[in-house]
Amino acid sequence: MSSSSSSSSSWSRSKFLDSVFMIGQKEVTRILILFLGLTASCLVLYKTAYPLQRLNVNNLSSLYASPSSPLPNINSSEISQETAKPKISFKEILENATTKNNTVIITTLNQAWAEPNSLFDLFLESFRIVQGTQQLLKLMGPYYINYGELNIKHVVVVCLDRKAFERCSQLHTNCYQIETSETDFSGEKVYNTPDYLKMMWRRIELLTQVLEMGFNFIFTDADIMWLRDPFPRLYPDGDFQMACDRFFGDPFDSNNWVNGGFTYVRSSNRSVEFYKFWHKSRLDYPELHDQDVFNRIKHKPFITEIGIQMRFFDTVYFGGFCQTSRDINLVCTMHANCCIGLEKKLHDLNIVLDDWRKYLSLSEHVQNTTWSAPMKCLED
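This text gives an overview of the structure that appears in the document. (Residues numbered from 1 in each chain as written. Predicted model: local features only at pLDDT ≥ 70, side-chain atom pairs only at ≥ 80, totals over all residues. Heavy atoms only, no water.)

## What to know about the pattern of salt bridges
A side chain with one charge may pair with a side chain of the opposite charge, provided their charged atoms come close. Just so we agree on the cut-off: The salt bridge criterion pairs a side-chain nitrogen of Lys or Arg with a carboxyl oxygen of Asp or Glu, the two atoms within 4 Å. Per the convention used, a helix needs a DSSP run of H or I reaching at least four residues, while a strand needs a run of E reaching at least two, with both numbered from the N terminus. When accessible area is computed with a 1.4 Å probe and restricted to protein chains, residues below 20% of their type maximum are described as buried, those above 50% as exposed, and intermediate ones as partly exposed.
Considering all chains together, one arrives at 12 salt bridges under this definition. With a shortest N-O distance of 3.0 Å, Arg128 and Glu125 are connected by a salt bridge. Placement of both Arg128 and Glu125 in helix H6 (residues 119–129) is noted, with a separation of three residues, approximately one turn of the helix. A residue is classified by how much of its surface remains accessible, and Arg128, at 35% relative accessible area, is partly exposed. Measuring nitrogen to oxygen at the nearest pair gives 3.1 Å for the salt bridge that ties Arg311 to Asp237.

## A look at the state of the cysteines
Linking two cysteines covalently via their sulfur atoms produces the bond known as a disulfide. Selection criterion: Note on terminology: disulfide denotes any pair of cysteine sulfur atoms within 2.5 Å.
Considering all chains together, one arrives at three disulfides under this definition. With its sulfur 1.7 Å from that of its partner, Cys322 forms a disulfide with Cys338. Measuring the twist about the S-S bond at about 100°, one finds the Cys322-Cys338 disulfide to be right-handed. You can see Cys322 sitting in the loop between strand E9 (318–320) and strand E10 (333–335) and its partner Cys338 sitting in the loop between E10 and helix H12 (342–360), a full 16 residues away along the chain. With relative accessibility at 49%, the residue Cys338 sits in the partly exposed group. Each sulfur in the disulfide pair Cys339 and Cys377 lies 2.0 Å from the other.

## A word on the packing of H6 against H12
The test is simple: Convention adopted: a line fitted to C-alpha atoms gives each axis, helices being fitted over their contacting stretch, and angles between N-to-C directions are expressed from 0 to 180 degrees. When describing relative orientation, an angle under 35 degrees is termed roughly parallel and one over 145 degrees roughly antiparallel, while 65 to 115 degrees is termed roughly perpendicular and anything else oblique. When the near helix sits turned anticlockwise from the far one by under a right angle, the crossing is termed left-handed; a clockwise turn instead gives a right-handed crossing. Contacts are assigned to residue pairs that have any heavy atoms within 4.5 Å of one another. All amino acids are sorted into three groups, where Ala, Val, Leu, Ile, Met, Phe, Trp, Tyr, Cys and Pro are nonpolar, Asp, Glu, Lys and Arg are charged, and the leftover types, Gly among them, are polar.
Relative orientation of the contacting elements H6 and H12 amounts to 10°, with a least axis distance of 10 Å. Accordingly, the angle class assigned to the pair H6 and H12 is roughly parallel. As for how H6 packs across H12, the hand of that crossing is left-handed. Only Leu342, Lys345, Leu346, Leu349, Asn350, Leu353, Trp356, Arg357 and Leu360 of H12 make contact with H6, whose side of the interface consists of Leu119, Leu122, Glu125, Ser126 and Ile129. Looking at the contact of H6 with H12, its residues break down into nine nonpolar, two polar and three charged.

## So, the sheet that holds strand E5 (residues 224–226)
Spelled out, the test is: The rule for pairing is simple: two strands pair if DSSP sees at least two bridges between them.
Here three strands make up an open sheet; going across it, the order is E5-E10-E9 and the pairing mixed. Pairing within the sheet leaves two strands with one partner each, and these edge strands are E5 and E9. On average, each strand axis in the sheet is tilted by 20° relative to the strand beside it, whichever way the strands run. In the sheet, E5 pairs with E10 via three bridges, with the strands oriented antiparallel. Among the inter-strand pairings, Ile224 is bridged to a residue of E10, identified as His335.

## As for the packing of aromatic side chains
Here is the rule: Each aromatic pair joins two rings of Phe, Tyr and Trp (for Trp, the six-membered one) with centres within 6.5 Å, and gets the label stacked for planes under 30 degrees apart, edge-to-face for over 60, and tilted for any other angle.
The tally for this structure, following the rule as stated, stands at 21 aromatic pairs. Between Phe123 and Phe127 the ring centres are 5.0 Å apart and the planes differ by 75°, which places this aromatic pair in the edge-to-face class. Taken together, the residues Phe123 and Phe127, both in helix H6 and four residues apart, mark about one turn of the helix.

## Remarks on the packing of H6 against helix H7 (residues 162–171)
Look at H6 against H7: their axes get within 12 Å of each other, and the N-to-C directions meet at 25°. Relative to H7, the element H6 is oriented roughly parallel. Considering how the two elements wind past one another, H6 and H7 form a crossing that is right-handed. The residues of H7 that touch H6, namely those facing Phe120, Asp121 and Leu124, are Arg167, Cys168 and Leu171. When grouped by side-chain class, the residues that make up the contact of H6 with H7 number four nonpolar, no polar and two charged.

## Examining the nonpolar core
We apply this condition: Among buried residues, those of type Ala, Val, Leu, Ile, Met, Phe, Trp, Tyr and Cys that are joined through side-chain atoms within 4.5 Å constitute a nonpolar core.
One finds Ile106, Phe217, Phe240, Phe274, Tyr275, Trp278 and Phe294 to be the most contacted residues of the largest nonpolar core, which totals 44 residues. Considering every element that reaches this core, the biggest residue donor is helix H8 (residues 194–212), with 10 residues. Here Phe294 is in contact with Phe240, Met242, Val258, Phe274, Trp278, Met310 and Phe312, once residues within four sequence places are set aside. Within the second largest apolar cluster, 26 residues are counted, among which are Leu124, Val130, Leu171 and Phe262.

What follows is the structure, encoded as structure tokens:
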């Protein structure tokens with residue numbers, strides 16, 4: 001009796017547990033179905049509110065940066081002048097570069113002359129090794145030396161194209177790009193070609209503006225090597241002072257063979273009127289460059305009427321390949337004039353700097369100096 005009762009009791013508990021298990025399975029299944037239904041509903045609602053977009057692999061930056069904080073452009077060469085630093089006016093650059101007597105040194109530059117190891121590099125190198133011109137520049141970078149408290153930069157480089165401006169900005173502080181939308185001035189401009197003439201007259205127009213703003217200036221071509229401080233050799237009087245291809249002994253004689261590559265001009269009503277007249281005269285001589293037009297107008301009555309005083313530099317101090325300086329102990333600048341072609345200029349100006357370095361290494365002055373240059377420039 002007791003055994004039968006025990007077996008019946010065990011069977012009843014087992015059946016009860018099986019029933020509970022089956023009930024539990026059904027409840028779990030129902031819960032799972034309910035959960036999956038809710039999940040599907042949420043996905044539908046999310047897709048409606050935020051439709052899926054196809055990933056654009058070319059615009060991955062949008063995944064990592066908001067519009068208010070775009071990824072920086074790591075290619076510094078593509079940064080514009082306006083983005084890199086605030087653009088300042090030409091007048092502000094001149095004001096930053098002026099000397100105590102309101103004089104600035106100005107040169108012009110295009111891409112051909114701005115390329116590495118081209119004329120601009122030689123121009124800067126001449127300043128680096130120049131004797132007695134340390135006060136002319138606050139130098140920075142590979143070509144520059146910092147001369148203590150001297151912070152005034154007197155050389156302004158006017159760039160005729162974007163590439164020249166970018167290279168200038170790598171090496172110098174006072175660089176300014178002028179608008180030349182009508183003509184591409186970036187390439188080498190062969191002497192007296194139409195683009196060369198346009199470039200020369202754009203220079204005269206620019207220098208007129210400098211005078212109108214009240215600045216005195218020394219204009220120097222970039223193919224002129226500065227060897228000594230030229231300021232002590234400027235005439236104390238004279239509104240307009242100009243270098244020569246050939247100097248015949250009299251600084252007042254306008255029949256000297258002039259060269260516009262190096263000029264010193266004081267700002268005055270006389271000099272402004274003269275430069276305006278000079279620039280306007282290009283229309284009377286459309287096939288001539290500025291230097292030849294100057295020779296045509298220098299004896300005109302208008303020049304006498306405005307009363308401008310002209311002086312012309314001795315080639316002993318301001319020499320060139322047309323007439324080299326006869327005394328290396330006195331020379332201030334050497335110009336690659338009477339030389340057509342960039343490669344020839346580069347070759348012979350490197351020789352000039354080599355001669356100058358040798359001279360500076362000497363312990364005493366030398367007599368009867370003969371320059372090794374020009375060489376290739378004589379081949380024309």
